[in-house]
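An overview of the molecular structure
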Amino acid sequence: MGSIDTPKNPENGSRTLPPATDAYATYDGDKNGIDGMPARATEMTLPVESEAIKKRRASMLPLEVGTRVLCRWRDCKYHPVKVIERRKMQFGGSNEYEYYVHYTEFNRRLDEWVKLEQLDLDSVETVVDEKVEDKVTSLKMTRHQKRKIDETHVEGHEELDAASLREHEEFTKVKNIATIELGRYEIETWYFSPFPPEYNDCLRLYFCEFCLNFMKRKEQLQRHMKKCDLKHPPGDEIYRSGTLSMFEVDGKKNKVYGQNLCYLAKLFLDHKTLYYDVDLFLFYILCECDDRGCHMVGYFSKEKHSEESYNLACILTLPPYQRKGYGKFLIAFSYELSKKESKVGTPERPLSDLGLLSYRGYWTRVLLDILKRHKGNISIKELSDMTAIKAEDILTTLQTLELIQYRKGQHVICADPKVLDRHLKAAGRGGLEVDVSKLIWTPYKEQG
Ligand code: ACO
Ligand code: ZN
């Protein structure tokens, strides 16, 4: 399978920190070589400027928020962008601005501040959008999320109206923290995360990789590391296989850890609302362990009680560890927990682009593996019982693969072995297996 718009370099917008250094070269996340480059991307040489052209360009400046223009990206090609925000340059002249742009054909995670020289002023579209409303849809929340917001913030309001959504979008449109340091890695962030106001002026945050406390300065982190006695996430280790461990953290018992994790995760999750009420969640933290401790690779959260049969609320693999099979492992793990609960489960919606890809791949592999091995007819209900995948997800997966026919008022699975093999091949590698014999876990029960 190809790659979508995340950096394609092995470290995925992150770099390994050199041991014990205080000097940081800015890592420029090699975002070249992305499949599916928009057709409009063009390499351009700008003509020598005449006085008239210079004048015309100057009259456009500073560009208005909402302007659409071509912008030179890290691949040295020009891509269409929309200006989301502008700010005066710290050391520029009185009328020198830099611009926060959204590449309209890419995901919001690639939004960034650019200098005027990266913009091709000849491509400026004269009609400026009234509102930066491009992706109100990106803020569409699940019913569940709306309920959570209603409960905590807008009591008495049944629904969040479009205006509130837009206000939220306005508030989250510019990334606040640009990079974080976590364990061995310096990681470029993807989205806005609502850190407390005292962190407003920070471009970089330093996280303790074990308790997830975050600090403004490197020295604070170094002092913290001398006295922090955690070497793994708090909570119970419920799985260990080789160097991989999974810890279950109860948000009620470890509130600060749960909140820190949510702040951190929101930097890489666009569609999710940050909950301050972490009591209602369990967090499953996947770690790679060595003699220095258990290092977080990714996690998923799960509501203690879900009316909508969600078995996973948010899932994240930290960027340096992405595309190595950990996401598939986390998804498989969430279904293993559902099997132990004798329930079917489904991830909370909406799914992000990467979330959907990962789930589609997982569902395809699990279901088609069974269909390949199974002799005779099998129903969607039986597939659901065997896999803990919700029937609707099975139906949409098989429909997408065109393996379902509707005959005499019934859905019938048509599984030609050759077609199954083709789809299985396209669904990619299976990833890291969950060894169920190593899972020691009982479903959550309210105590007292
Ligand atoms: N380009 C193309 N395909 C991709 C990409 C990508 N950048 N990333 C994942 N995939 C697809 C591939 O099919 C991949 O399998 P392959 O590598 O064999 O081709 C499959 O998804 C999963 O790959 P993994 O390595 O197992 O997954 P990873 O560890 O990268 O984690 C995850 C996937 C968790 C979605 C990660 O991309 C992530 O954390 N993204 C940011 C947060 C996010 O969007 N989370 C989901 C939100 S929805 C929700 O929480 C309910
Ligand atoms: Zn700590």
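Reading the values: the criteria
Residues numbered from 1 in each chain as written. Chains lettered and ligands numbered in written order. Predicted model: local features only at pLDDT ≥ 70, side-chain atom pairs only at ≥ 80, totals over all residues. Heavy atoms only, no water. UniProt positions renumbered as here; feature names shortened; annotations may be inferred. Helix = DSSP H or I, 4+ residues; strand = E, 2+ residues; numbered from the N terminus. Buried < 20%, exposed > 50% of the residue type's maximum accessible area, 1.4 Å probe, protein only. Contact = heavy atoms within 4.5 Å. Salt bridge = Lys/Arg side-chain N within 4 Å of Asp/Glu carboxyl O. Pairing = 2+ DSSP bridges. Donors = N, O, S within 2.8 Å, 3.2 Å for Na, K, Ca; no water. Tetrahedral: all angles 85-135°; square planar, octahedral: opposite > 155°, others 65-115°. Axes fitted to C-alpha atoms, helices over the stretch in contact; angles between N-to-C directions. Parallel < 35°, antiparallel > 145°, perpendicular 65-115°, else oblique. Left-handed = near helix turned anticlockwise from the far one by under 90°. Phe/Tyr/Trp six-rings, centres within 6.5 Å; stacked < 30°, edge-to-face > 60°. Lys NZ or Arg CZ within 6 Å of the ring centre and 35° of its normal.

The name given to the protein chain in an unreviewed UniProt entry is Histone acetyltransferase, with Salix purpurea as the source organism. Looking at the Sequence similarities (unreviewed entry) heading of the UniProt record, one finds this comment for the protein chain: "Belongs to the MYST (SAS/MOZ) family."

1. A look at the environment of S334
Structurally, the position occupied by S334 is in helix α6 (residues 326–340). Given a relative accessible area of 1%, S334 falls into the buried group. Between the C-alpha atoms of S334 and G345, which are 11 residues apart in sequence, the distance is 8.4 Å. Sequence-distant contacts of S334, defined by excluding residues within four places in its chain, comprise F300, N311, L312 and Y359.

2. A word on the pattern of salt bridges
The final tally for this structure, using the stated rule, is 24 salt bridges. Two residues, R56 and D122, come together in a salt bridge whose shortest N-O distance is 3.2 Å. In this pair, R56 sits in helix α1 (residues 51–60) while D122 sits in the loop between β6 (119–120) and α2 (143–152), placing the two residues 66 residues apart along the sequence. A relative accessible area of 35% places D122 in the partly exposed class. For E186, the salt bridge identified is with R204, shortest N-O distance 3.0 Å. Taken together, the residues span a long stretch of sequence, with E186 in strand β8 (residues 185–188) and R204 in strand β9 (residues 204–207) at a distance of 18 residues. Residue classification places E186 among the buried residues on the basis of a relative accessible area of 5%.

3. As for the side chain of H224
The topology assignment puts H224 in helix α4 (residues 218–227). Excluding its chain neighbours within four sequence positions, the residues that come into contact with H224 are C208, C211, N213 and M215.

4. Quick look at the UniProt feature "active site" (unreviewed entry) in the protein chain
Using the residue numbers shown here, the UniProt feature "active site" (unreviewed entry) corresponds to E348. Position of E348 relative to the elements: it lies in the loop between β17 (346–347) and α7 (353–373).

5. So, the sheet that holds strand β10 (residues 214–215)
Spatially, 5 strands are ordered β1-β8-β7-β9-β10 in an open sheet, and the strand pairing comes out mixed. Two strands bound the open sheet, and with one partner strand each, they are β1 (14–16) and β10. In the sheet, β9 pairs with β10 via 2 bridges, with the strands oriented antiparallel. Within β10, the residue paired with F207 across the bridge is F214.

6. Some thoughts on the coordination of the zinc ion (ligand 2)
Ideal values differ by geometry: the angle at a metal is 109.5 degrees with four tetrahedral donors, but 90 or 180 degrees with six octahedral donors. Around the zinc ion (ligand 2), the donor atoms from the protein are C208 (SG), C211 (SG), H224 (NE2) and C228 (SG), and they sit 2.1 to 2.3 Å away. Of note is the zinc ion (ligand 2), whose 4 donor atoms meet at the metal with angles of 98 to 122° in an arrangement that counts as tetrahedral. All donors of the zinc ion (ligand 2) come from a single chain, and their spacing in sequence reads C-x2-C-x12-H-x3-C. In this pair, C211 is assigned in the loop between β9 and β10 and H224 in helix α4, connecting sequence segments 13 residues apart. In terms of burial, C211 and H224 fall into one category: buried.

7. Section: the packing of α7 against helix α10 (residues 417–426)
The description of two helices packed together rests on the angle between their axes and the distance between the axes. Packing of α7 against α10 leaves a shortest axis separation of 10 Å and a crossing angle of 155°. Between α7 and α10, the crossing angle belongs to the class labelled roughly antiparallel. α7 and α10 meet at a crossing whose hand is left-handed. Of the residues in α10, those touching α7 at T364, R365, L368, D369, L371 and K372 are L420, D421, H423 and L424.

8. Some thoughts on the packing of aromatic side chains
Under the definition given, this model contains 25 aromatic pairs. Relative to Y321, the ring of Y185 has its centre 5.5 Å away and its plane inclined at 75°; by these criteria the two rings are edge-to-face. With a gap of 136 residues between them, Y185 in strand β8 and Y321 in the loop between β16 (315–317) and α6 connect regions that are remote in the sequence. Take Y321: its relative accessible area is 8%, and that puts it in the buried class. A centroid spacing of 6.4 Å and a plane angle of 40° characterise the contact between F283 and Y299, whose relative ring orientation is tilted. Here the residue F283 occupies a position in strand β13 (residues 281–290), and Y299 occupies one in strand β14 (residues 293–303), the gap between them amounting to 16 residues. By relative accessible area, F283 is classed as buried at 1%. Overall, Y299 belongs to the buried group, its relative accessible area being 2%. Among the aromatic residues, those joined into a ring-pair cluster are F195, Y199, F207, F214 and Y263. Above the face of the Y97 ring, R86 is positioned so that its terminal group lies 5.0 Å from the ring centre. Here the guanidinium or amino end of R87 rests over the ring plane of W113, the centre of that ring lying 3.8 Å away.

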